[in-house]
Every structure is written in C-alpha cells, then in structure tokens.
Amino acid sequence: MSEIKSMIAKQLDALLINEDNNIANMANASALLMQNIQNISWAGFYLYEEQKDELILGPFQGKVACVHIKNGNGVCGTVLKEQKVQRIKNVNNFPGHIACDSDSKSEIVIPITKNGNKFGVLDIDAPILNRFSMEDEIILKEFTKVFTNHLNIDKL
Ligand code: SME
C-alpha cells in the first residue's frame, strides 16, 4: 500500500516534468490521486485569492463543490489560515466543516505555498470514517511537495 502511494509522488514528478501550465498540472494531479487512492470521493485544489482573502475552487475530480471558502472557514479555510495539515477522522466533529457532499466522512487538507507565497490547498475527501493515516499524511505531503516544485510562479 505505502509503496503504491509513494510511487504516486514519482508518477506526479514524471507527469509534470515537461509541463509548466499550472491548471493542466492541477487537473492531472487530481486525476492521479483519484485513480490511485482507494476509498476517496473527491480530490482537488482550492486556490488562494489574495484580494478577496478567500479560496476559490480549482481543478478537481469528484462531485460538484463549493466555489468560495473564506479564510478561516471550514477545514480548507482553517488550513489556509494556520498553514498546517488538517487530518480529520470525522468531519462532523470539525466545527465549521463545510459539507459540499453529504457522503464525505473524513478529510485531509494540505497547505501549498511557494517561496513564502500562499498558493492554496490540496483537499481530499473520503466516504468512510478515519480514512487517512499518518502514513497517508506523509505520502500526501510528499505529493504536494512535488507539485509545488513544478508550480510555475510566473503564471499564478
Ligand atoms: N469540506 C471542505 C470544503 C470543500 S469540499 O470538501 C470539496 C471544508 O470544510 O473546507
């Protein structure tokens, strides 16, 4: 399991190596997660809009989702504000959780910054409780690091 997932970061690296379009890279990164991780229902990006101080929906795979999330709101807005991973065993116990999809039971959200600038978050939802382990967190942080390495700051 962990080998398969570690491969995900390597696969992402190979997928993004000759491409500098952030939208295309987020679209493929979301698809890679959905294709390779079992028991998830949504995987994608929310992007930081500094002028409005909020997140806006980016490329993703899954059901339709909320478009705007204010800084500090829900799991994603909390991660944006605190710049720390949130790994939520039961989303119903997270105060202010934004339920885009009532099937979502657990969630992991990872902050994305480049050169000290907030870019947004990677958000993954699961239809089962306690889906994400500490090991998953490590692998997904590695995945996010690879994505960030390929992030083109001239095209933000
Ligand atoms: N549940 C998230 C909102 C985004 S959806 O899960 C796609 C939150 O509380 O921030």
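An account of the accompanying structure is given in this report.

Thresholds, definitions, all that
- Residues numbered from 1 in each chain as written.
- Predicted model: local features only at pLDDT ≥ 70, side-chain atom pairs only at ≥ 80, totals over all residues.
- Heavy atoms only, no water.
- Axes fitted to C-alpha atoms, helices over the stretch in contact; angles between N-to-C directions.
- Helix = DSSP H or I, 4+ residues; strand = E, 2+ residues; numbered from the N terminus.
- Parallel < 35°, antiparallel > 145°, perpendicular 65-115°, else oblique.
- Left-handed = near helix turned anticlockwise from the far one by under 90°.
- Contact = heavy atoms within 4.5 Å.
- Nonpolar A, V, L, I, M, F, W, Y, C, P; charged D, E, K, R; others polar.
- Phe/Tyr/Trp six-rings, centres within 6.5 Å; stacked < 30°, edge-to-face > 60°.
- Buried < 20%, exposed > 50% of the residue type's maximum accessible area, 1.4 Å probe, protein only.
- Lys NZ or Arg CZ within 6 Å of the ring centre and 35° of its normal.
- Core = buried A, V, L, I, M, F, W, Y, C linked by side-chain atoms within 4.5 Å.
- Pairing = 2+ DSSP bridges.
- Salt bridge = Lys/Arg side-chain N within 4 Å of Asp/Glu carboxyl O.

1. Concerning the packing of helix α2 (residues 22-36) against helix α4 (residues 134-150)
Contact pair α2 / α4: the axes reach a minimum separation of 11 Å and the direction vectors enclose 160 degrees. Here α2 lies roughly antiparallel to α4, going by the angle between them. Between α2 and α4 the crossing geometry is right-handed. Contacts between α2 and α4 pair N22, N25, M26, A29, L32 and L33 from the former with L140, F143, F147 and H150 from the latter. Residues belonging to the contact of α2 with α4 are distributed by class as follows: seven nonpolar, three polar and no charged.

2. Brief notes about the packing of aromatic side chains
One pass over the full model with this rule turns up four aromatic pairs. Ring centres of W42 and Y46 lie 5.9 Å apart, and the angle between their planes is 20 degrees; this geometry places the pair in the stacked category. One exposure class covers both W42 and Y46, and it is buried. Judged by its relative accessible area of 5%, W42 is buried. Members of the aromatic cluster, joined through ring pairs, are W42, Y46 and F60. Its guanidinium or amino end placed over the ring of Y48, K118 lies 5.9 Å from that ring's centre, counting from NZ or CZ.

3. Observations concerning the nonpolar core
By size, the foremost hydrophobic cluster in this structure holds 26 residues, and its most contacted members are L12, L33, F45, I124, L140, F143 and F147. Listed by contribution, the elements that provide at least two residues to this core are α1 (2-16), α2, β1 (42-49), β5 (106-114), β6 (117-126) and α4. Leaving out residues up to four positions away in the same chain, F147 has contacts with L12, L16, N25, M26, A29, F45, I112 and F119. The next biggest cluster of nonpolar side chains, apart from the first, holds 15 residues, and it includes W42, I69, V75 and V109.

4. A word on the sheet that holds strand β4 (residues 86-88)
Pairing is antiparallel across the open sheet formed by six strands, whose spatial order is β3-β2-β1-β6-β5-β4. Two strands lie at the open edges of the sheet, namely β3 (68-70) and β4, each paired on one side alone. In this sheet, neighbouring strand axes are inclined to one another by 25 degrees on average, regardless of whether the strands run parallel or antiparallel. Pairing analysis gives three bridges linking strand β2 (residues 54-62) to β3, with the strands arranged antiparallel. When the bridges of β3 are listed, I56 appears paired with H68.

5. Considering the pattern of salt bridges
For side chains bearing opposite charge, pairing can occur when the charged atoms are close. Counted according to the given criterion, the structure contains seven salt bridges. The salt bridge involving D101 is made with K63; its shortest N-O contact spans 4.0 Å. In this pair, D101 sits in the loop between β4 and β5 while K63 sits in the loop between β2 and β3, placing the two residues 38 residues apart along the sequence. Of the residues examined, D101 reaches a relative accessible area of 11% and is grouped as buried. Classification of K63 as partly exposed rests on a relative accessible area of 48%. Among the ionic pairs, D136 bridges to R131, the shortest N-O distance being 3.1 Å. Overall, the relative accessible area of 6% leaves D136 in the buried class. The class of R131 is buried, set by a relative accessible area of 10%. Residues joined in a network through salt bridges with shared partners are K63, D101 and D103.

Keep in mind these numbers describe shape, not what the thing actually does.
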